[in-house]
Amino acid sequence: MTVEQNVLQPGGAAKHQQTFLNQLREITGINDIQVLQQALKDSNGNLELAVAFLTAKNAKVPQLEEATYYQTALPGNDRYISVGSQADTNVIDLTGDDKDDLQRAIALSLEESNRAFRETGITDEEQAISRVLEASIAENKASLKRTHPEVWSDSPNPYDRKRQDNCPVGLKNVGNTCWFSAVIQSLFNLLEFRRLVLNFNPPANAQDLPRNQKEHRNLPFMRELRYLFALLVGSKRKYVDPSRAVEILKDAFKSNDSQQQDVSEFTHKLLDWLEDAFQIKAEEERDGEKPKNPMVELFYGRFLAVGVLEGKKFENTEMFGQYPLQVNGFKDLHECLEAAMIEGEIESLHSENSAKSGQEHWFTELPPVLTFELSRFEFNQALGRPEKIHNKLEFPPILYLDRYMHKNREITRIKRDEIKRLKEYLTVLQQRLERYLSYGSGPKRFPLVDVLQYALEFASSKPVCTSPVDDLGASAPASGTLLAQTLPSTVEQQGPSSSDVPSTSPVQRSVIHKPFTQSRIPPDLPMHPAPRHITEEELSVLEGCLHRWRTEVENDTRDLQESISRIHRTIELMYSDKTMVQVPYRLHAVLVHEGQANAGHYWAYIYDHHQNRWMKYNDISVTKSTWEELERDSFGGYRNASAYCLMYINDKEQYLIQEEFNKETGQILVGMDTLPSDLRDYVKEDNKRFEKELEEWDAELAQKAQQEKLLSQIPRAPAPSPAPVQAGEPEYLEQPSRTDISKHLKEDSVQAINKALAEQEDRGPEAIMDTAIKLEYTRLLKLAQEDPPPECDYRLRHAIVYFIQNQAPKKIIERTLLEQFGDHNLSFDERCRNIMKVAQAKLEMIKPDEVNMEEYERWHQDYRNFRETTMFLMVGLEFFQKKSYMEALLYLIYAYQNNKELLSKGPYRGHDEELISHYRRECLLKLNEHAAALFESGDDQEVNNGLIIMNELIVPCLPLLLVDEMEEKDIVAVEDMRNRWCSYLGQEMEPNLQEKLTDFLPKLLDCSTEIKGFNDPPKLPSYSTHELCERYARIMLSLSRTPADGR
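All figures in this text were calculated on a predicted structure; none of them were measured in a lab.

Chemist: Please set out the pattern of salt bridges residue by residue, giving values where relevant.
Modeler: Taken as a whole, this structure holds 39 salt bridges when the rule is applied. Residue K905 pairs with D862 through a salt bridge whose shortest N-O separation is 2.9 Å. Of this pair, K905 sits in the loop between α30 (885-903) and α31 (913-937) while D862 sits in helix α29 (residues 853-881); the two residues are 43 residues apart in sequence, bridging distant segments of the chain. Between R920 and D970 there is a salt bridge; the shortest N-O distance is 3.2 Å. Note that R920 is positioned in helix α31 and D970 in helix α33 (residues 968-982), a separation of 50 residues in sequence. When its relative accessible area of 1% is taken as the criterion, R920 is described as buried. Salt bridges sharing partners connect three or more residues here, namely R161, R237, D686, R689 and E693.

Chemist: Describe unusual backbone geometry, listing the residues and the values that go with them.
Modeler: With phi around 50°, D165 is a residue other than glycine that occupies positive phi space. Secondary-structure assignment places D165 in the loop between α6 (130-138) and β1 (170-171). The phi torsion at K883 lies on the positive side, around 65°, for a residue other than glycine. With respect to the helices and strands, the residue K883 is situated in the loop between α29 and α30.

Chemist: So what's going on with α30? Residues and values would help.
Modeler: For α30, spanning 19 residues, the distance from its first C-alpha to its last is 26 Å, which sits close to the expected 27 Å at 1.5 Å a residue. All of the buried residues in α30 are Y885, A888, L889, Y891, L892, I893, Y894, A895, Y896, N899 and L902. The inward-facing, buried residues of α30 contact α26 (799-805), α29, α31 and α32 (940-962).

Chemist: Report on the pairing of strand β14 (residues 613-618), specifying residues and quantitative values.
Modeler: Bridge count between β14 and strand β15 (residues 621-625): five bridges; the pairing is antiparallel. Each bridged residue has a counterpart across the sheet, and for N618 the counterpart in β15 is S621. Hairpin remark: β14 followed by β15, antiparallel, with two residues in the connecting loop; positive phi at D619, about 55°.

Chemist: With reference to specific residues and values, describe a nonpolar patch on the surface.
Modeler: Together, F661, I668 and V670 make up a nonpolar patch on the protein surface, roughly 290 Å² of accessible area in all. Mapped onto the fold, V670 is located in the loop between β16 (641-650) and α22 (677-713).

Chemist: Could you give me a rundown of the confidence of the model for the protein chain, with the residues and numbers involved?
Modeler: Mean pLDDT over the protein chain works out to 75, with 69% of the residues at or above the 70 mark. Low pLDDT, under 50, characterises residues 467-519; the stretch is placed with 28 contacts to residues that sit more than four places away or in other chains.

Chemist: Provide a residue-level description of the state of the cysteines, including the pertinent values.
Modeler: On inspection of all chains with the given rule, the structure shows zero disulfides. Considering cysteine sulfurs only, C957 is the nearest to C923, which forms no disulfide, with 9.6 Å between them.

Chemist: Describe the UniProt feature "coiled-coil region" (unreviewed entry) in the protein chain, listing the residues and the values that go with them.
Modeler: Here, the residues flagged by UniProt with the feature "coiled-coil region" (unreviewed entry) are residues 680-707. Span residues 680-707 is 100% helix and 0% strand, its end C-alpha atoms 40 Å apart.

Chemist: Summarise the pairing of strand β3 (residues 301-309); cite the residues concerned and give the values.
Modeler: With eight of nine residues buried, β3 lies mostly within the body of the structure. When β3 meets strand β4 (residues 312-320), the two strands line up antiparallel, connected through nine bridges. Paired with V308 across the strands is K313, a residue of β4. Taking the residues that link successive antiparallel strands as the turn, the β3-β4 hairpin has two residues, and the phi of E310 there is positive, at about 50°. As defined by bridge partners, β3 adjoins strand β7 (residues 358-365) across seven bridges and the pair is classed as antiparallel. Paired with V308 across the bridge in β7 is G358.

Chemist: Which residues make up the packing of α30 against α31, and what values go with them?
Modeler: Running from N to C, α30 and α31 point in directions that differ by 150°, and their axes come no closer than 9 Å. Judged by the angle between their axes, α30 and α31 are roughly antiparallel. Read as a crossing pair, α30 and α31 show a hand that is left-handed. The segment α30 lies against α31, with Y885, M886, A888, L889, L892, I893, A895, Y896, Q897, N899, K900 and L903 engaging E913, I916, S917, Y919, R920, C923, L924, K926 and L927. Residue composition of the contact of α30 with α31, grouped by class: 14 nonpolar, three polar and four charged.

Chemist: Go over the packing of aromatic side chains, please, and point to the residues and values.
Modeler: Tallying each qualifying case throughout the model produces 31 aromatic pairs. Plain terms: the ring middles of F395 and W627 are 6.4 Å apart, the flat faces sit at 90° to each other, and that makes the pair edge-to-face. Residue F395 is found in the loop between β10 (385-388) and β11 (398-400), and its partner W627 is found in helix α21 (residues 627-634); the two are separated by 232 residues along the sequence. The exposure classification of F395 matches that of W627, with both residues buried. An aromatic cluster is built from F395, Y607, W614, W627 and F635, whose rings are joined through pairwise contacts. Above the ring of Y856, the side-chain terminus of R815 is found at 5.5 Å from the ring centroid. Between the NZ or CZ atom of K882 and the centre of the ring of F879, over which it lies, the distance is 5.9 Å.

Thresholds applied
Residues numbered from 1 in each chain as written. Predicted model: local features only at pLDDT ≥ 70, side-chain atom pairs only at ≥ 80, totals over all residues. Heavy atoms only, no water. Salt bridge = Lys/Arg side-chain N within 4 Å of Asp/Glu carboxyl O. Helix = DSSP H or I, 4+ residues; strand = E, 2+ residues; numbered from the N terminus. Buried < 20%, exposed > 50% of the residue type's maximum accessible area, 1.4 Å probe, protein only. Expected span 1.5 Å × (residues − 1). Contact = heavy atoms within 4.5 Å. Pairing = 2+ DSSP bridges. Patch = residues over 30% accessible without salt bridge, like charges linked within 9 Å, V, L, I, M, F, W, Y side chains within 5 Å. Areas by Shrake-Rupley, 256 points an atom, 1.4 Å probe, with all protein chains shown as cover. pLDDT = per-residue confidence, 0-100. Disulfide = S-S within 2.5 Å. UniProt positions renumbered as here; feature names shortened; annotations may be inferred. Axes fitted to C-alpha atoms, helices over the stretch in contact; angles between N-to-C directions. Parallel < 35°, antiparallel > 145°, perpendicular 65-115°, else oblique. Left-handed = near helix turned anticlockwise from the far one by under 90°. Nonpolar A, V, L, I, M, F, W, Y, C, P; charged D, E, K, R; others polar. Phe/Tyr/Trp six-rings, centres within 6.5 Å; stacked < 30°, edge-to-face > 60°. Lys NZ or Arg CZ within 6 Å of the ring centre and 35° of its normal.

In structure tokens form, the structure reads like this:
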């Protein structure tokens, strides 16, 4: 039952009616209370008839307002915030004639009303998660449409799965379980919660037959969660598999549906189960006192609801866990909270005689861990389905909650009244300012200060009249042919004054002037708009008035803007006094959802309180992050990613994040030392198994190396010719031991194969391979046809995108796809191995005359060059942003040269030439300035260093800038650099400096465009495809935020 139902219903009959109204609202999506009441009345209280009436009549209802008093139509809007109370998010189509859907909708709603109190055993609410859990573990063939491939296959090389130093451990996605990973990692990184789970001891009677279904589910789940947390602490693996923990959930509920789970709903259920498990233990250990549940103490708080219902005042205390907040219509978290804490008309709370209804919520007890559930989904009545809200919503790293506390309610009410008054005054000022900034009565409006300035310029203009022929002739071509062709009638009017147009010309004699049909120019047309008749005295008065008015308008506008700024500042600082910053909560974790309402991907940003940095937990990947990246992905409005859940912790409760200490030595306990003995043994056993896996891999490699060595010593007859698949295999489809690109392609191949298997389950390997190739090609074709932003270059993801954009021959693309599916890395799975063999067989059947292998190799070499150019550009720009200009220059030079060669073959073969040219030029200019500054210092060592920079870096690069005369900016830059050094010629300086300058200047002023030899290309680091795309996107995004001079 919702908070409104608990608090606002004085009698049983009204309570029963309100329950029906809420159910109608949830089923139909209609929020107009009068429409719902009328439908209920017409149906004599029959819920089924009421629903049928509303859907059949297609009741026309107004749109949901931002501050609607009753807000239970959307998932997550149930104001009973205790864990486990969120409404089912299934959408049921009620527009058709199917009575089963109608019955099912009513049944679901009726079930919802019975969930106010927890019961022993499996509740109806808990069964909602079964649809997801079955899909998560079974990897259902009829998989969901997702924006990301979320199932990873383990690399056969265990070193790829080895944990690096003390890097946090990731969680493997075992099929639509990114929601599980995001929530579990957020909770695991709460050290107090981690300790509670790790040190949980099952009740003594746990070995006996469980008393009910809850115990049958919760205790085994707690055991597996302890094991999972222990592995996250001490495993030597890069990531661990959570299947056993999720398996417990799956076994508890059975269903055949498949969908992704909702993070907030899963968090509700998870904490509910943990609470039950700890409750069992607490009840066993209680000693006559009421048992304390650590989950309740950690995640639950209380608020007081104070309000008026139909003129009657009420107060009621409620418990809450996750606190839901509406996002739509608000710009930041405080606005969301203000709207959530005040509902309806609250002006009447202190008056005795009022019929208005409304309520305020005041926190009386805040939990140490405060979780806000951001409602980013709304039901689209027209489409009949939920939609995601992508609006931007800002939230702070430190949130002060003093203004929402019951103890501060009097001062908060005063401040709210003051803010309301200021905002009303602010609205008046903004309206007045708008009249100045958008002046006029027509459709087009302009700033008044500009209107007065234009009037002043017009009044001050002098009317200069000229002959229209002279005026046009001045702008015509020198030959005068255009004038002769376009204005014969005008010339005729002026008389035979030009020898170029003889008076006997038949053209002149035949001209007939037709007023209103020919374009005639007035004889006294001014060159510029200006007053025709104005005296000096009139002009003087008018100019004085316009100047004075313009000054007055400027002063008024400035005063209004300053007043508005002061009011904004006053509102911002309203809660900044000392009494209102006593309850700080620090942002601990942000759970992000990317995608739409029915599909997407989850990950988490979690704050490392000891290293003071943000970490990004994205399934198996755990990487360092920044607040800037978190803002971009979490605030919303940038793309389809936005925060869905915010976890704050009490900044004064240090025990939440405090490390454990050894009671005897006082030393901090880390890693395995924090684990109880049984979990320590469990982790050690798992680590032994992993170490054995590493040893077996090393032994296998050593055996292969020994065999190759022995084979190389045995003389063999020359082989006929290498198999086509070996000869033509491009380097970037290498084995896992040499590069990670094949792993990236392997994931794409596995995804295509799984989709093909789902579509053609009963077909043979060849048919499935053909379907998989078509699906992969369709996906890549779509990427090639999109127009992504600069930071997202799909060509880096796959060679075929590059080939399609550059119109590579069809045979080249076909062979590349076959090689992708014939890669031996697909041999890890029986189904994939069969497809791999079919692809390899088809490759061997390709005849030499069917595919030109030289052309094939040229295309792949071009793609390798493109990736290499990208890395030169990326590393060069990274050095440039670090102001390491000497290092950046060499990378940018090679990026430009390689890119120029690529672009000579086609416009989509390389990158933006102007971008590379700009930063290459900027590097040279900054190094030139640095070298000149060293020269001006006069110190021998500094002077020599400056000349070394010029002779070894800048002078050899000048021909590169001069070789293309079309690059005007490069030529100007070269002249600027030369002029800087030439300016020293007329200055007094030491003889030794004069001698060095005289020796250096001829090299600088050499106009030859012959390109001198450079050092070998700088060494490039090795990047996987994922790393390359991610780093390239990061550097290009940073460039878009950084203004570039001259670009």
